[in-house]
Amino acid sequence: MLSQKQLYSLKNVLRQNLINKGVSCTLLIDMAGNILVSLDDGRIHSDNYSLACLAAGNFGAVKAMANIIGEGDFSLLFNKGKNFNIHYKTIASENLLINVFDKEISLGFLRLKVAEVAKKIKEILPIPLEEEIPSIDFNLPNNLWLSDKVSPHVRSKPRFIP
């Protein structure tokens, strides 16, 4: 959950660094396609909710393809059109930054600005849950990973039955 202050900060970062530099539309979404921030310059009229959902699905499909070929993940996607282009960039593995821009902006310039924005967004967004909680090492000697507070009767690793 984002606070009003975080939303305001995110909007300012996106407006100053992308919209004011010529990007037509920018969306910050989660990986389920929910919009966190949506800004545009008024030049294009698009259904941002559909764009966000389809972008999240597209990114998920490309991530699955990357896993199939052993790549793990592609952190950047780009679609080139006749009049507009779409650039996608993951932010802290939980969010996706989508930018719609025209031929007046070079891809190199946009990638530079997005890299700067990504750092600023990471400073504003809360730390993803999996980064806060340390993982359990099940290979510790004498079953030290198991706490007596959890169950005083169990002293061995749990058995997993397939």
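A few points on the structure. All of these numbers come straight from a predicted model, not from anything done at the bench.

This brings us to a nonpolar patch on the surface. Where nonpolar side chains cluster on the molecular surface, the patch consists of I68, I69 and F74 and spans about 330 Å² of accessible area. The class for F74 is partly exposed, based on a relative accessible area of 30%.

This brings us to the sheet that holds strand β2 (residues 35–40). Picture the strands of a sheet paired through backbone hydrogen bonds; they go either parallel or antiparallel. The sheet built from 5 strands is open, its strands ordered β2-β1-β5-β4-β3 with antiparallel pairing. A strand with exactly one partner marks an edge of an open sheet, and here the two such strands are β2 and β3 (76–80). Mean inter-strand twist for the sheet, computed between neighbouring axes without regard to direction, equals 10°. With 6 bridges joining them, strand β1 (residues 25–30) and strand β5 (residues 95–102) adopt antiparallel strand pairing. Within β5, the position partnered with C25 by the bridge is V100. Strands in contact with helix α3 (residues 107–124) are β1, β3, β4 (84–91) and β5; relative to β4, the strand with the most contacts, it is inclined by about 30°.

The next point concerns the nonpolar core. Residues L14, L18, L28, L97 and I121 are the most contacted members of the largest nonpolar core, which totals 20 residues. Here the element with the most residues in this core is α3; it accounts for 6 residues. With residues up to four places along the chain from it excluded, the contact list for L28 reads L10, L14, N34, I35, L36, V37, I91, N95, L96, L97 and I121. Counting 15 residues, the second largest nonpolar core, distinct from the first, contains I29, A55, F59 and Y88.

Another aspect to go through is the side chain of S24. Along the polypeptide, S24 turns up in the loop between α1 (4–17) and β1. Setting aside residues up to four positions removed in sequence, S24 forms contacts with I19, L39, D40, D41, R43, I44, F84, V100, F101 and D102.

Of the strand pairs in this sheet, β3 and β4 are connected by 5 bridges, and their pairing is antiparallel. By the bridge assignment, F78 is partnered in β4 with H87. In sequence, β3 turns back onto β4 through a hairpin of 3 residues. Counting the residues between successive antiparallel strands, the hairpin from β4 to β5 contains 3 residues, one of them, A92, with a positive phi of roughly 55°.

Calculation criteria
- Residues numbered from 1 in each chain as written.
- Predicted model: local features only at pLDDT ≥ 70, side-chain atom pairs only at ≥ 80, totals over all residues.
- Heavy atoms only, no water.
- Patch = residues over 30% accessible without salt bridge, like charges linked within 9 Å, V, L, I, M, F, W, Y side chains within 5 Å.
- Areas by Shrake-Rupley, 256 points an atom, 1.4 Å probe, with all protein chains shown as cover.
- Salt bridge = Lys/Arg side-chain N within 4 Å of Asp/Glu carboxyl O.
- Buried < 20%, exposed > 50% of the residue type's maximum accessible area, 1.4 Å probe, protein only.
- Pairing = 2+ DSSP bridges.
- Helix = DSSP H or I, 4+ residues; strand = E, 2+ residues; numbered from the N terminus.
- Axes fitted to C-alpha atoms, helices over the stretch in contact; angles between N-to-C directions.
- Contact = heavy atoms within 4.5 Å.
- Core = buried A, V, L, I, M, F, W, Y, C linked by side-chain atoms within 4.5 Å.

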